Amino acid sequence: MPIIVNLDVMMAKRKVRSKDLAQQLGITEANLSILKTGKAKAIRFTTLESLCEALDCQPGDLLEYQE
């Protein structure tokens, strides 16, 4: 898949644990793990917005397109 998810990289830069981020977003750790591993088929804009707010970043910091 040409969309690369860099959520784990951004979490490491911000020193945020999965458990804490999932709790802050109001999602399960399992769903956060699916996002982190790139196995998600889709992401809601509200979830993306919440991730950007929590990690103080832009959507482009979390998602990358590679041919």
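Located above this text is the structure these notes cover.
None of the values given here were measured: they were computed from a predicted structure.

A.B. asks: I tried to follow the overall build of the chain on my own but got confused; where do I start?
C.D. replies: On a plain count of helices and strands, the chain comes out with 5 helices and 2 strands. For 67 residues, the compact-globule estimate of 2.2 N^0.38 gives 11 Å, and the chain sits close to it at 11 Å. Projected onto its principal axes, the C-alpha coordinates of the chain cover approximately 35 × 20 × 20 Å. Looking at the chain as a whole, 24% of its 67 residues are labelled buried.

A.B. asks: Would you explain the pattern of salt bridges in this entry?
C.D. replies: Pairing is possible between side chains that carry opposite charge, provided their charged atoms lie close to one another. Per the counting criterion, the structure on display carries 1 salt bridge. Taking the shortest distance from any N to any O, the salt bridge between R17 and D20 comes out at 3.6 Å. You can call D20 partly exposed: its relative accessible area is 35%.

A.B. asks: Can you help me understand the packing of helix α2 (residues 18–25) against helix α4 (residues 45–55) in this one?
C.D. replies: How two helices pack is summed up by the angle between their axes together with the distance between the axes. Between α2 and α4, the shortest axis-to-axis distance is 10 Å and the interhelical angle comes to 125°. Taken together, the axes of α2 and α4 lie oblique to each other. Once α2 is placed against α4, the crossing between them reads as right-handed. Contacts between α2 and α4 pair L21, Q24 and L25 from the former with S50, L51, A54 and L55 from the latter. Here the contact of α2 with α4 is built from residues that sort into 5 nonpolar, 2 polar and no charged.

A.B. asks: Help me understand a nonpolar patch on the surface, please; the structure alone is not making it clear to me.
C.D. replies: Taken together, the side chains of I3, I43, L63 and Y65 make up a nonpolar region of the molecular surface, amounting to roughly 350 Å² of accessible area. For I43, the location among the structural elements is in the loop between α3 (29–36) and α4.

A.B. asks: I keep staring at unusual backbone geometry and nothing clicks. Help me out?
C.D. replies: For residues besides glycine, phi is generally negative; the peptide bonds are generally trans as well. Phi is positive for K15, close to 55°, though the residue is something other than glycine. The exposed category is assigned to K15, whose relative accessible area is 75%. Backbone geometry at D56 places phi at a positive 50°, although glycine is not the residue there. Relative to the elements of secondary structure, D56 occurs in the loop between α4 and α5 (59–62).

The rules behind each value
Residues numbered from 1 in each chain as written. Predicted model: local features only at pLDDT ≥ 70, side-chain atom pairs only at ≥ 80, totals over all residues. Heavy atoms only, no water. Helix = DSSP H or I, 4+ residues; strand = E, 2+ residues; numbered from the N terminus. Rg over C-alpha atoms; globule rule 2.2 N^0.38 Å. Buried < 20%, exposed > 50% of the residue type's maximum accessible area, 1.4 Å probe, protein only. Salt bridge = Lys/Arg side-chain N within 4 Å of Asp/Glu carboxyl O. Axes fitted to C-alpha atoms, helices over the stretch in contact; angles between N-to-C directions. Parallel < 35°, antiparallel > 145°, perpendicular 65-115°, else oblique. Left-handed = near helix turned anticlockwise from the far one by under 90°. Contact = heavy atoms within 4.5 Å. Nonpolar A, V, L, I, M, F, W, Y, C, P; charged D, E, K, R; others polar. Patch = residues over 30% accessible without salt bridge, like charges linked within 9 Å, V, L, I, M, F, W, Y side chains within 5 Å. Areas by Shrake-Rupley, 256 points an atom, 1.4 Å probe, with all protein chains shown as cover.

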